[in-house]
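# Understanding the architecture of this molecule
Each chain, letter by letter, is given below.
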Amino acid sequence: LNRDVKILVFTQERSPGFTTFRDLLDSYQHASPKLKVEFIDPDRKPNIARQYGITRPDTAVIETGEQSTRVTVPSEAEITGALIRMAKEGKKRIVFVEGHGERGVNEQERGGLSLAKEAMVKQGYEVETLSLLQQSTVPDNTSVLVLAGPRRPVTKEEQDQIAHYVAQGGHLLILLDPESEAAL
């Protein structure tokens, strides 16, 4: 780790995740003096749990600078992945294309992506939307461009913008319904 990282583990000593979190985080602390760990019983300190938006037991909040992410599974893979994300400077930016009847990141109805957006934000990602009809290029700081179920055709100009983004090393995720008329 190149900077200080604080991990707050919201669990109880009798919880099944407590021992796993403790054993894993002890080994991480031995590997890096920049890692500080604190265990918090959400029943004994409900105000702190509420402040961090903890809704389920055995949740760890990992913080560094202005970044934070959550781990809800006490496993080496989850904790290591979160620490790697936190070690990188800046947040990853996920941009959803709109304008073709895509599933909306703010829609809470069936088929909407508001829960996915909420989960991504909790994991430390920035989530934004983009209309390629209004903007001539995909912003340079886009980590992943997402076309989430377009229902209407994506124009040739928009496809060219997307192809240019990918040719420059950009990452693209297309979620296409079988009946889509997106012409991709």
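All of the points below concern the structure found in this document.

Procedures and definitions
Residues numbered from 1 in each chain as written. Predicted model: local features only at pLDDT ≥ 70, side-chain atom pairs only at ≥ 80, totals over all residues. Heavy atoms only, no water. Helix = DSSP H or I, 4+ residues; strand = E, 2+ residues; numbered from the N terminus. Buried < 20%, exposed > 50% of the residue type's maximum accessible area, 1.4 Å probe, protein only. Pairing = 2+ DSSP bridges. Axes fitted to C-alpha atoms, helices over the stretch in contact; angles between N-to-C directions. Right-handed = clockwise from strand over helix to strand, strands pointing away. Core = buried A, V, L, I, M, F, W, Y, C linked by side-chain atoms within 4.5 Å. Contact = heavy atoms within 4.5 Å. Salt bridge = Lys/Arg side-chain N within 4 Å of Asp/Glu carboxyl O. Parallel < 35°, antiparallel > 145°, perpendicular 65-115°, else oblique. Left-handed = near helix turned anticlockwise from the far one by under 90°. Nonpolar A, V, L, I, M, F, W, Y, C, P; charged D, E, K, R; others polar.

Let us look at unusual backbone geometry. For D58, which is not a glycine, the phi torsion comes out positive at approximately 55 degrees. With respect to the helices and strands, the residue D58 is situated in the loop between α2 (46-51) and β3 (59-64). Accessibility expressed as a relative area gives 12% for D58, which makes it buried.

Right, let's get into the sheet that holds strand β8 (residues 171-175). If you trace the four strands from one edge of the open sheet to the other, you get β6-β5-β7-β8, paired in parallel fashion. Looking at strand neighbours, the two that pair on one side only are β6 (126-130) and β8, the edges of this open sheet. Each strand axis lies, on average, 25 degrees off the axis of its neighbour in the sheet, ignoring direction. Pairing of strand β7 (residues 144-148) with β8 involves five bridges; the strand directions are parallel. Pairing of V144 across the sheet is with H171, part of β8.

Glancing now at the pairing of strand β1 (residues 5-10). Of all six residues that make up β1, five are buried, and the element is covered over most of its length. Summarising the sheet, β1 and strand β2 (residues 35-40) pair through six bridges and their orientation is parallel. Each bridged residue has a counterpart across the sheet, and for L8 the counterpart in β2 is E38. In this region the chain leaves β1, passes through helix α1 (residues 16-31) and returns to the parallel neighbour β2; the handedness of that crossover is right-handed. In this sheet, β3 lies alongside β1 in antiparallel orientation, the contact comprising five bridges. Bridge pairing in β3 places I7 opposite I62.

To continue, consider the nonpolar core. Judged by nonpolar contacts, the single largest core of 15 residues is most densely connected at I7, I62, I79 and L83. Those elements giving two or more residues to this core turn out to be β1, α1, β3 and α3 (76-87). Setting aside residues no more than four positions away along its own chain, I7 makes contact with L25, L35, K36, V37, E38, A60, V61, I62 and L83.

Take the pattern of salt bridges next. Under the counting rule described, the total for this entry stands at six salt bridges. The closest approach of N and O atoms between D23 and R22, which form a salt bridge, is 3.4 Å. Judged by its relative accessible area of 43%, D23 is partly exposed.

Right, let's get into the sheet that holds strand β4 (residues 67-71). The strand order β2-β1-β3-β4 describes an open sheet built from four strands, whose pairing is mixed. If you trace the sheet from one side to the other, it starts and ends with β2 and β4, each paired once. Mean inter-strand twist for the sheet, computed between neighbouring axes without regard to direction, equals 20 degrees. Where α3 meets the sheet, it contacts β1, β2, β3 and β4, and its direction lies at approximately 170 degrees from that of β4.

This brings us to the packing of α1 against α3. When two helices pack together, their arrangement is captured by the angle between the axes and the distance separating the axes. Two elements in contact, α1 and α3, have axes separated by 11 Å at closest approach and are oriented at 45 degrees. Accordingly, the angle class assigned to the pair α1 and α3 is oblique. Crossing angle aside, the handedness with which α1 passes α3 is right-handed. Across from F21, L24, L25 and Y28 in α1, the residues of α3 making contact are E76, I79, T80 and L83. In the contact of α1 with α3, the residues fall into six nonpolar, one polar and one charged.

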